[in-house]
Amino acid sequence: MFARQALRSVKAAAGPRYFSSSAINNKNVAVLGAAGGIGQPLSLLLKNDPLVTSLRLYDIRLAPGVAADVSHVNTPAVTTGYKADELEKALEGAEIVVIPAGVPRKPGMTRDDLFNTNASIVRDLAKAAAKVSPKAHLLIISNPVNSTVPIVAEVFKKAGVYDPKKLFGVTTLDVTRASTFLSGITGNKPADTVVPVVGGHSGVTIVPILSQANGGDAVAKGENYDKLVHRIQFGGDEVVKAKDGAGSATLSMAYAAAVFTNSLLKALNGEKGIKECAYVDSPLYKDQGVDFFATPITLGSEGVAEVNPIGPVSAEEEKLLEAAIPELAKNIKKGVEWVQANP
Ligand SMILES: NC(=O)c1ccc[n+]([C@@H]2O[C@H](COP(=O)([O-])OP(=O)(O)OC[C@H]3O[C@@H](n4cnc5c(N)ncnc54)[C@H](O)[C@@H]3O)[C@@H](O)[C@H]2O)c1
Ligand SMILES: O=C(O)C[C@H](O)C(=O)O
């Protein structure tokens, strides 16, 4: 029963999907880092989302230009660009704040190698959001997500405005990749290939639950299973290597973030039963020092409505989870300790 539940949970995250709307309400979305490799295509995709009525694009460079360009697309979202010194203005009235600001990896780097640069970028953006739009839903893309999400939580706690239901580490790209790679093996449609991906967003912390996926039994164990799991866990490295020093995944990430944002918008507008995987404040492994964990979550009008259980897992998946937990605990502790020492 749990398996079916979890399968339904992430059904919405298997692509390909485009944006749909059942109700149009005013929805104000801000993108921080809007002129970057992710920020630009993400801004375009959000401009194309009928549920976005106000799109506010902020970056330390080029955001007004990106906004001028995107604003000519004939969809309803009123699009405005904000310069480096206009962060607070960009955040005014924001209900969703998507953050892809920060540096990407180069070949040979881990996501954790980005910590020193991106931790302070995310902390400063979170401080402004806590001040200007404390009730906004925050969608964190900047790596290392395992640590940047706890940093945002600490900033919001310090400001006295933390709402665990409104903070998300965006892990949709892992779900998207898992669906693509598994369906490539089974020949099933990607849209019918739903793989819950739990844990975190780097290497061994990315745990695909293939045993719950349509077609997952085709690669239940052995060499093919190991190869598929490795490809899902290290899909980001595949792109970093192929881009050869010019950055990491941007287009697939923009797609994934736009999918997640659309799901959240639908839930905020009152649509029921919207489910996605995301890295959120979770009760599941708190006793092991893991305050944040990605699982299928149910979205509601206030953000996270329910953190769903992982459900039954295979012996192989149990081992993957055992490897993920201590690494995640370390990543979370690093973020929390850093921001407490560098408030
Ligand atoms: N969560 C995921 O699945 C996922 C996937 C892909 C990339 N990422 C991460 O997303 C981040 C961005 O990647 P990218 O390829 O778009 O990088 P990029 O360098 O192309 O773009 C980053 C943008 O952030 C801007 N920026 C830097 N500091 C800023 C600040 N203080 N305020 C506002 N904007 C600021 C830069 O000017 C730039 O335009 C990286 O950390 C990358 O690792 C995460
Ligand atoms: O791999 C990266 O550094 C970027 C991103 O986290 C990804 O999964 O593609």
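Nothing here was measured: the structure is a model prediction, and the numbers come from that model.

(A) How the structure looks around the site of ligand 2. The environment of ligand 2 is made up of P104, R105, R111, N143, L173, G236, V239, V240, S248 and A249. In terms of residue count, helix α9 (residues 235-243) provides more of the shell around ligand 2 than any other element does, 3 residues in total. In terms of residue class, the shell around ligand 2 is made up of 5 nonpolar, 3 polar and 2 charged. Both of domain 1 (19-171) and domain 2 (173-248 + 275-334) provide at least three residues apiece to the shell around ligand 2.

(B) Main features of the confidence of the model for the protein chain. Here the protein chain averages 93 in pLDDT, and 93% of its residues register 70 or above. Here residues 1-16 scores under 50 on pLDDT; set against residues more than four positions off or in separate chains, the count is 49 contacts. In the predicted complex, the global pTM is 0.95; the interface-specific ipTM is 0.99.

(C) Here's a closer look at the packing of helix α6 (residues 145-158) against helix α11 (residues 315-341). Close contact between α6 and α11 brings their axes to 8 Å; oriented N to C, the two are set at 40°. In terms of orientation, α6 lies oblique with respect to α11. α6 and α11 meet at a crossing whose hand is right-handed. Contacts between α6 and α11 involve N146, S147, T148, P150, I151, E154 and V155 on the former and, on the latter, L328, N331, I332, K334, G335, V336, W338, V339 and Q340. In terms of residue class, the contact of α6 with α11 is built from 8 nonpolar, 6 polar and 2 charged.

(D) View of α11. Spanning 27 residues, α11 covers 40 Å between terminal C-alpha atoms, matching the ideal 39 Å at 1.5 Å per step. Listing the buried residues of α11 in full gives L320, A324, I325, L328, N331, I332, G335 and V339.

(E) Looking closely at the site of ligand 1. Residues in close proximity to ligand 1 total 33 residues, the closest being G36, G37, I38, A101 and N143. Looking at the shell around ligand 1 element by element, the count peaks at 4 residues for helix α5 (residues 115-132). Each of domain 1 (19-171) and domain 2 (173-248 + 275-334) accounts for three or more of the residues forming the shell around ligand 1.

(F) The arrangement of the domain arrangement of the protein chain in detail. Partitioning the protein chain into structural domains gives domain 1 (19-171) and domain 2 (173-248 + 275-334). Using only C-alpha atoms to locate each centre, domain 1 and domain 2 end up separated by 23 Å. In this complex, domain 1 contributes 23 residues to the contact, which on the side of domain 2 involves 29 residues. Mapped by element, the contributors of at least two residues to the side of domain 1 that touches domain 2 are α6 and β6 (167-169). Of the residues forming the side of domain 1 that touches domain 2, the biggest block, 6 residues, is contributed by α6. Residues of the side of domain 1 that touches domain 2, tallied by class, amount to 12 nonpolar, 6 polar and 5 charged.

Calculation criteria
- Residues numbered from 1 in each chain as written.
- Chains lettered and ligands numbered in written order.
- Predicted model: local features only at pLDDT ≥ 70, side-chain atom pairs only at ≥ 80, totals over all residues.
- Near = placed C-beta within 6 Å.
- Helix = DSSP H or I, 4+ residues; strand = E, 2+ residues; numbered from the N terminus.
- Nonpolar A, V, L, I, M, F, W, Y, C, P; charged D, E, K, R; others polar.
- Domains from an automatic or database assignment.
- pLDDT = per-residue confidence, 0-100.
- Contact = placed C-beta atoms within 7 Å.
- Axes fitted to C-alpha atoms, helices over the stretch in contact; angles between N-to-C directions.
- Parallel < 35°, antiparallel > 145°, perpendicular 65-115°, else oblique.
- Left-handed = near helix turned anticlockwise from the far one by under 90°.
- Expected span 1.5 Å × (residues − 1).
- Buried ≥ 20, exposed ≤ 12 C-beta atoms within 10 Å, placed from the backbone.

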